[in-house]
Amino acid sequence: MIPELERLRKLSPKEKLRHLRDDYSDEIPDEIIHSTSPNNAFKVRRGWFQGVTANLEAALKETDDPVLEAEVKWFVNHYTSDVFKAQGRTKNTDIFAANRIINRVLGEDNRAPT
């Protein structure tokens, strides 16, 4: 297995969320970014949102905060919905919302979303 993939596999859901937040760009490039693009580390990709929603659901098992649980469930439902899939290109507000919910789950609410 590729060493980087092996390293990522061993991370906890919260560590994976931190990686998704910090190691991917908030920039929205003019061109469409695909998984096969030379530099595909952008949050605009649908695959990035899939990673975020999967790890949010896994991290949710570690909380007993009903407000946070409701926020995560709303985010996951919205960002896996047909409405989101049909909206076309990812918007700045989508990336802001993802960074915000990641910060909440990590307990870094005071961190300014990027």
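Preceding this paragraph is the structure being described.
Residues numbered from 1 in each chain as written. Predicted model: local features only at pLDDT ≥ 70, side-chain atom pairs only at ≥ 80, totals over all residues. Heavy atoms only, no water.

Packed helices, taken two at a time, are described by the angle their axes make and the gap between the axes. Contact pair helix H3 (residues 46–60) / helix H4 (residues 66–79): the axes reach a minimum separation of 10 Å and the direction vectors enclose 150°. Between H3 and H4, the angle falls in the class roughly antiparallel. Our pair here, H3 against H4, has a crossing hand that is left-handed. Of H4, the residues touching H3 (which contributes Phe-49, Val-52, Thr-53, Leu-56, Glu-57 and Leu-60) are Leu-68, Glu-69, Val-72, Lys-73, Phe-75, Val-76 and Tyr-79. Classifying every residue of the contact of H3 with H4 gives nine nonpolar, one polar and three charged. (Axes fitted to C-alpha atoms, helices over the stretch in contact; angles between N-to-C directions. Helix = DSSP H or I, 4+ residues; strand = E, 2+ residues; numbered from the N terminus. Parallel < 35°, antiparallel > 145°, perpendicular 65-115°, else oblique. Left-handed = near helix turned anticlockwise from the far one by under 90°. Contact = heavy atoms within 4.5 Å. Nonpolar A, V, L, I, M, F, W, Y, C, P; charged D, E, K, R; others polar.)

Tracing the backbone shows Ser-37 in the loop between helix H2 (13–22) and H3. Classification of Ser-37 as buried rests on a relative accessible area of 17%. Between the alpha carbons of Ser-37 and Lys-91 there is a distance of 20 Å; along the sequence they are 54 residues apart. A polar contact is formed between the side chain of Ser-37 and the backbone nitrogen of His-34, at a distance of 2.8 Å. (Buried < 20%, exposed > 50% of the residue type's maximum accessible area, 1.4 Å probe, protein only. Polar contact = N/O pair within 3.5 Å; in protein donor to acceptor, adjacent residues only side chain to side chain.)

Take the side chain of His-19 next. As for its placement among the helices and strands, His-19 is situated in helix H2. Given the relative accessible area of 15%, His-19 is considered buried. Side chain to side chain, His-19 and Asp-23 meet in a polar contact 2.7 Å long. Residues contacting His-19, with those up to four places away along its chain left out, are Arg-7, Leu-8 and Tyr-24.

We now examine the packing of H2 against helix H6 (residues 92–106). For the pair H2 and H6, interaxial distance at closest approach is 10 Å and the crossing angle is 145°. As H2 runs across H6, the sense of the crossing is left-handed. Of H6, the residues touching H2 (which contributes Lys-14, Leu-17, Arg-18 and Arg-21) are Asn-99, Ile-102, Asn-103, Val-105 and Leu-106. Taken together, the residues of the contact of H2 with H6 break down into four nonpolar, two polar and three charged.

Turning to the packing of aromatic side chains, a few remarks are in order. Counting across every chain of the model gives five aromatic pairs. Their ring planes at 70° and their centres at 4.7 Å tell us that Tyr-79 and Phe-84 sit as a pair that is edge-to-face. What makes Tyr-79 buried here is its relative accessible area of 7%. Taken together through their ring pairs, the aromatic side chains of Trp-48, Phe-49, Phe-75, Tyr-79 and Phe-84 make up a single cluster. (Phe/Tyr/Trp six-rings, centres within 6.5 Å; stacked < 30°, edge-to-face > 60°.)

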